[in-house]
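# Chain and residue survey
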Amino acid sequence: MDLKETILERVNIAELIGQFVTLQRAGINEFKACCPFHNEKTPSFTVNPVKRMYYCFGCKAGGNVIDFVMARENLDFREAMEWLAERHGIEIPQYNPGQKQEKSARQRMQELNQAAQKFYAGKLSSPDGETARAYLQKRGIEPELAARFELGYAPKEWNALSDLLLSKGARSSELDTVSLARPRGQGGGSYDFFRHRLIFPIHDVLGRSVLGFGGRALSDEDNPKYLNTGATPLYEKSKVLYNLNRARSQARDEGIVVTEGYMDVIGLAQHGVGNAVATCGTALTPEHVSLIRSYTERVYLAFDGDNAGRSAAWKAGKLFLAEGIDARVVVIPGGMDPDDFVRERGGAAWRGLLSEARGIVQFWLEHQLSAHPDADLTMRRNWIGELRPLYLGVRDELLREEFRRQLAGLLLLRPEVVSQLLGSEQRPRATGRPVDKQRMAQDRYRQLQRTEKRKGLVNIRPGLTEDMEESEQLHRRGITEEARNRAALQGSLPVEREVLRRLADDEMFRFMYCRIAQPEWFASGLHREIYAALAAEQEQPQRVLHDDRWRGFFAELLSRPPSEEEAAVSADMLITRHGNLFFERRYAELLRELEVAERRGNLELVQELTNRMIDTKKRIRPVQGIGGTP
């Protein structure tokens with residue numbers, strides 16, 4: 001078995017998911033719980049350890065144990081398999097040569113970063129790190145906390161780190177790739193990227209490897225104040241959040257506090273706030289918002305209390321609001337940053353600030369009203385105009401309602417006035433031009449002509465009223481035919497889904513069906529494709545159930561117990577009914593071909609189609625049960 005099959009075979013999905021949610025038995029082989037991926041009061045999340053599937057009837061999330069870990073831990077497919085293998089003692093097989101080379105290159109970069117982190121950490125506790133230790137003491141950071149965050153110190157020397165790593169076999173090009181050192185140019189050699197700085201290692205979301213570093217200057221002569229690892233194959237700052245590897249464990253219960261700096265995160269942690277993260281030298285991005293949303297929708301924006309911090313909070317809040325999250329803004333008094341505030345007033349005061357956090361619209365309007373206490377109606381109307389594009393971009397109706405409510409309350413306006421000012425785009429005003437009915441008729445005729453030519457039904461002669469009437473008739477006939485086809489497909493779907501459910505779950509049914517049926521029996525292209533895969537894997541259907549293309553489909557299908565009617569239908573009855581549906585569709589197709597042949601006077605084709613219709617009709621057998629005659 002490959003790694004994926006081994007994991008699915010050995011990891012009990014109920015036991016693993018039970019580590020994250022409280023499962024309650026709901027049947028012999030089924031458990032239920034409140035969904036871990038969306039808020040709900042009534043459990044709609046099901047886990048079936050026999051079928052190795054989970055499915056939520058509320059948010060439609062579903063799949064196997066690998067899908068769950070990918071969604072829960074925000075990992076890609078390979079990372080999720082490694083996460084599961086590591087925790088269940090499953091050996092990870094060797095990659096093929098191409099994969100092994102790629103893996104080795106990534107591992108090499110991780111090893112270099114890990115070696116650099118150990119070097120920096122050692123320097124912090126050495127005599128060289130006295131300045132950095134004094135800075136941390138001044139900021140109230142205890143040595144134990146510094147060790148927990150793996151803080152370090154980059155010495156003043158130009159090549160202290162690069163000389164060490166080069167002496168251990170690293171190449172200058174490798175150090176440049178991971179942004180640990182830069183080539184000197186024509187003079188040859190390398191110089192360290194970080195020098196005389198307090199170092200903050202930035203980990204991946206699981207905390208397993210160091211992706212990059214942030215460095216804080218320790219003297220006024222060193223600029224910029226904060227320096228961050230450049231873009232590398234491991235590190236892209238627009239997609240990484242500092243301390244998320246630690247904060248994510250508290251995120252679902254306590255939310256996430258987003259700050260602007262590394263020291264804000266560490267200062268808050270010193271006072272018991274462990275769910276803070278920070279961007280790494282960049283403004284918050286949509287990728288950051290998506291990353292946070294995978295863990296929680298309870299977000300606090302704790303930016304500096306100055307004008308720049310308020311502007312950053314407003315921009316970040318708009319990103320969250322566009323994604324349906326009403327992020328709360330923590331208003332820090334006196335222009336302080338989070339670290340300053342918590343050092344001066346303590347953790348209890350900080351929790352008080354969180355309880356008073358404002359929604360993003362309330363935050364912006366309160367600032368405007370504070371800056372313009374005598375604002376007249378014109379200014380208030382302009383404020384609503386500024387907020388209108390943001391409002392129109394909010395898809396969640398509850399958030400839109402809260403948006404309107406806050407505007408009405410803060411601006412002392414009636415709700416209906418606010419709704420009118422925020423409403424959808426204004427309709428274009430009528431120009432007063434008289435309606436040209438002849439032009440409208442001509443346009444409609446041309447549209448019908450294009451439609452019928454595209455269908456290949458007739459060759460319409462242009463210009464005459466009778467041709468327009470014929471086109472209208474054909475157009476209506478086409479609509480009727482399309483509706484009939486849709487109805488036939490809809491009538492087939494329940495039978496096809498029950499067939500696929502039994503094919504996946506019943507060995508005897510699979511044996512019988514695959515020796516009688518044909519792929520074209522399935523009206524749905526998706527169902528036809530899945531059946532072909534099941535027919536090819538009759539001995540190992542689990543491979544199809546957990547195939548990346550269809551595991552979501554089977555998670556939903558197998559999580560729904562069959563109805564009493566479905567359960568009462570025998571295998572023979574179900575197979576017969578599915579065949580009948582196919583032959584009924586085929587008979588209808590032949591009938592339409594016959595009508596065309598008769599109109600064209602093709603008597604030979606009429607006779608041939610008549611015989612085929614008779615043969616097809618004979619193959620339709622009376623049957624009761626699902627989708628059959630009562």
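Let me sum up the structure you'll find in this document. All figures in this text were calculated on a predicted structure; none of them were measured in a lab.

Criteria and thresholds
Residues numbered from 1 in each chain as written. Predicted model: local features only at pLDDT ≥ 70, side-chain atom pairs only at ≥ 80, totals over all residues. Heavy atoms only, no water. Helix = DSSP H or I, 4+ residues; strand = E, 2+ residues; numbered from the N terminus. Buried < 20%, exposed > 50% of the residue type's maximum accessible area, 1.4 Å probe, protein only. Contact = heavy atoms within 4.5 Å. Pairing = 2+ DSSP bridges. Axes fitted to C-alpha atoms, helices over the stretch in contact; angles between N-to-C directions. Right-handed = clockwise from strand over helix to strand, strands pointing away.

## A look at unusual backbone geometry
- Of the consecutive residues Asn223 and Pro224, the connecting peptide bond is found in the cis state with omega at 0°.
- At Ser179, a residue that is not glycine, the phi angle is positive and equals roughly 65°.
- Counting through the fold element by element, Ser179 comes out in the loop between helix H9 (172-177) and strand E7 (181-183).
- Residue Ser179 is classed as buried on the basis of its relative accessible area, which comes to 1%.
- Of note, the phi angle at Asn243 is positive, near 75°, even though the residue is not glycine.
- Positionally, Asn243 belongs in the loop between strand E11 (226-228) and helix H10 (244-254).
- Residue Asn243 is classed as buried on the basis of its relative accessible area of 4%.

## Here's the deal with the environment of Ala14
- Following the sequence through the fold, Ala14 ends up in helix H2 (residues 13-17).
- Spatially, the C-alpha atoms of Ala14 and Lys32 are 10.0 Å apart, while their sequence positions differ by 18 residues.
- If sequence neighbours within four positions are ignored, Ala14 has contacts with Leu23, Phe31, Val47 and Pro49.

## Here's the deal with the sheet that holds strand E9 (residues 197-203)
- Read from one edge to the other, the open sheet built from four strands follows the order E6-E9-E10-E11, with strand pairing classed as antiparallel. Because the sheet does not close on itself, it has two edges, and the strands there are strand E6 (152-154) and E11. For this sheet, the mean inter-axis angle between neighbouring strands, taken without regard to orientation, is 35°.
- In the sheet, strand E10 (residues 210-217) pairs with E11 via three bridges, with the strands oriented antiparallel. Considered in E11, the bridge of Arg216 is made with Tyr226.
- Helix H11 (residues 262-270) contacts E9, E10 and E11 of the sheet and is inclined by roughly 80° relative to E9.

## With respect to the pairing of strand E12 (residues 256-259)
- Here E12 shows two buried faces, one formed by Ile256 and Val258 and the other by Val257 and Thr259.
- Of the pairings in the sheet, the one linking E12 to strand E14 (residues 299-301) comprises three bridges and is parallel in character. Each residue of the ladder has a partner; that of Val258, found in E14, is Leu301.
- Relative to strand E13 (residues 276-278), E12 is paired through three bridges, and the arrangement is parallel. Note on E13: the bridge partner recorded for Val258 is Val277.
- Note that the unit made of E12, H11 and E13 has a crossover that is right-handed.

## Re the environment of Glu386
- For Glu386, the location among the structural elements is in helix H16 (residues 377-392).
- A C-alpha to C-alpha distance of 10.0 Å links Glu386 and Leu422, two positions 36 residues apart in sequence.

## Comments concerning the sheet that holds strand E3 (residues 45-48)
- Strands sit in the order E1-E2-E3-E4-E5 across an open sheet of five strands; the sheet is antiparallel. Since the sheet does not close on itself, it has two edges, and those belong to strand E1 (24-27) and strand E5 (62-63), each with one partner.
- Strand direction decides the pairing type here: strand E2 (residues 30-33) and E3, joined by three bridges, are antiparallel. Counted as the bridge partner of Ala33 is Phe45 from E3.
- Each of E2, E3, strand E4 (53-56) and E5 touches helix H24 (residues 551-559); the most contacted strand, E4, lies at about 80° to it.

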